[in-house]
Amino acid sequence: MVGAAARHPQGAALTDDVEPIFRREGEWFVPTGHSRGPWDPGSQHGGAPAALLAEAVREPGMHVARLTYDFTGPVAVGRPLRIETRMVRPGGRLQMVEADLLGEDGAAVVRLRAVRLRRGEVGGLAPEADADAVPGGGGPDAAHAGEFPFESGDADGFHRTAMEIRFAGETSYGIGPALAWFRFARPLVGADEPSPLALVAAAADFGNGVSRVLDFESHLFVNTDLTIHLRREPVGEWVMLDARTRVEPHGTGLAASTLYDERGTIGLSAQSLYVAER
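A few words on helix 3 (residues 196-204). Burial analysis of helix 3 places nine of its nine residues in the buried class, the great majority of the element. Considered for burial, the residues of helix 3 that qualify are Pro196, Leu197, Ala198, Leu199, Val200, Ala201, Ala202, Ala203 and Ala204.

Any region with low pLDDT has predicted coordinates that should not be read closely. Taken over all residues, the pLDDT of the protein has a mean of 90, while the share at 70 or more is 91%. A low-confidence stretch, residues 1-15 (pLDDT under 50), is modelled with 46 contacts involving residues beyond four sequence positions or located in other chains.

Turning our eyes to something else, we now look at the pairing of strand 12 (residues 239-247). As paired elements, strand 9 (residues 178-184) and strand 12 share five bridges and run antiparallel to each other. Residue Ala180 lies in a different strand from strand 12, and its bridge partner there is Leu241. As paired elements, strand 12 and strand 13 (residues 252-261) share eight bridges and run antiparallel to each other. Across the sheet, residue Ala243 finds its bridge partner in strand 13, namely Ser257. Adjacent in sequence and paired antiparallel, strand 12 and strand 13 are bridged by four residues, among which Gly251 carries a positive phi angle near 100 degrees.

Let's shift gears to the pattern of salt bridges. A full pass over the atoms with the stated rule returns 16 salt bridges. Arg58 is paired through a salt bridge with Glu55; the nearest N and O atoms lie 3.4 Å apart. Residue class for Arg58 comes out partly exposed when judged on its relative accessible area of 38%. A salt bridge links Glu98 to Arg86; the nearest nitrogen and oxygen atoms lie 3.0 Å apart. Of the two residues, Glu98 is situated in strand 5 (residues 94-102) and Arg86 in strand 4 (residues 82-89); the sequence distance between them amounts to twelve residues. Among the charged side chains, a network of salt bridges with common partners joins Arg86, Glu98, Asp100, Arg111 and Arg113.

Turning next to the packing of aromatic side chains. Enumeration over the complete set of coordinates arrives at seven aromatic pairs. Here the aromatic rings of Trp39 and Phe216 are separated by 5.2 Å at their centres, their planes lie at 40 degrees, and the arrangement is tilted. Separated by 177 residues along the polypeptide, Trp39 in the loop between strand 2 (28-31) and helix 1 (47-56) and Phe216 in the loop between helix 4 (207-210) and strand 10 (219-223) bring together distant segments of the chain. On the basis of an interplanar angle of 50 degrees and a centroid distance of 5.2 Å, the ring pair of Phe216 and Phe221 is categorised as tilted. Looking at Phe216, the relative accessible area reads 7%, which means it is buried. Judged by relative accessible area, Phe221 falls into the buried class, the value being 2%. Of the aromatic side chains, those joined through ring pairs into one cluster are Trp39, Phe216 and Phe221.

At a minimum axis separation of 8 Å, helix 1 and helix 3 run at an interaxial angle of 155 degrees. For the element pair helix 1 / helix 3, the angle class is roughly antiparallel. Where helix 1 crosses over helix 3, the handedness of that crossing is right-handed. Along its contact with helix 1, which presents Gly47, Ala50, Ala51, Ala54 and Glu55, the element helix 3 presents Leu197, Ala198, Ala201 and Ala202. Counted by class, the contact of helix 1 with helix 3 contains seven nonpolar, one polar and one charged residues.

Attention shifts here to the nonpolar core. What tends to happen in soluble globular proteins is that the nonpolar side chains get buried as a cluster. In this structure, Tyr69, Met163 and Ile228 are the most contacted members of the largest nonpolar core, which totals 60 residues. Here this core gets eight residues from one element, more than from any other, and that element is helix 3. With sequence-adjacent residues up to four places away left out, Met163 is seen in contact with Phe158, Phe182, Arg183, Phe184, Ala185, Leu199, Ala202 and Phe206. Counting residues in each nonpolar core, the second largest holds seven residues, with Ala143, Ala168, Leu179 and Trp181 among its members.

Counting buried residues in helix 1 gives eight out of ten residues, a clear majority hidden from the surface. The set of residues buried in helix 1 consists of Gly47, Ala48, Pro49, Ala50, Ala51, Leu52, Leu53 and Ala54.

We now examine the environment of Pro38. Note on placement: Pro38 falls in the loop between strand 2 and helix 1. Residue Pro38 is classed as partly exposed on the basis of its relative accessible area, which comes to 24%. In sequence terms Pro38 and Val210 are 172 residues apart; their C-alpha atoms lie 12 Å from each other.

How each quantity is defined
Residues numbered from 1 in each chain as written. Predicted model: local features only at pLDDT ≥ 70, side-chain atom pairs only at ≥ 80, totals over all residues. Heavy atoms only, no water. Buried < 20%, exposed > 50% of the residue type's maximum accessible area, 1.4 Å probe, protein only. Helix = DSSP H or I, 4+ residues; strand = E, 2+ residues; numbered from the N terminus. pLDDT = per-residue confidence, 0-100. Contact = heavy atoms within 4.5 Å. Pairing = 2+ DSSP bridges. Salt bridge = Lys/Arg side-chain N within 4 Å of Asp/Glu carboxyl O. Phe/Tyr/Trp six-rings, centres within 6.5 Å; stacked < 30°, edge-to-face > 60°. Axes fitted to C-alpha atoms, helices over the stretch in contact; angles between N-to-C directions. Parallel < 35°, antiparallel > 145°, perpendicular 65-115°, else oblique. Left-handed = near helix turned anticlockwise from the far one by under 90°. Nonpolar A, V, L, I, M, F, W, Y, C, P; charged D, E, K, R; others polar. Core = buried A, V, L, I, M, F, W, Y, C linked by side-chain atoms within 4.5 Å.

Right, dumping it as structure tokens:
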């Protein structure tokens, strides 16, 4: 499976008339309301630009082993964006590439550095069985849908209308650790199917939100960065986070997640958090 097929939350395959998260206009990507995040109605959820930049660093024959994002400023909804990429370290076995998401003024609002490793058969190694079983008592079919509790039910947003989210075990949008499955509910760009790598990037940025330890109404706990390590890309259209958040009285925190597909573990992600009272 080359890309995770975008679908309605009910599971029906999408058609070309479904509004995407980004519209392509020449070299520009115009974010729709489905990119919006929960903190500011005029700003995007970090998962939207993270997924967009992940598509820009893919390369045939190479495995993207690490993605490191720095969110250098708010990413506005509705304002055109473009991507610039550059090779930092060329090589046949190991490559480092950077991708900047630029606003209309040319300033970078998100910067990604990716590490790519050559794919190839290695003698004497058999595919490792996933030692870590998928937690939560079954896959996404056994999980329950989550309804974001802090907004009206008809609001557009990355966390509402761009991603389908299902919680496993006894977890939910409440306080504490979470087991949450994610898949795209609509195309990322135009009518194109998002790649498995884009799905991982989109889901990983939810770690601090689904495993919150503070109330949205009283505190900010915004991630300033996101790092993802992958030993392999997901198989299928779902990715799960086993997410936990810790915060400190001096105003910082860390959200860390183990990443799964329906077969088992695929990697890890982490987010540094800025914490403050509203």
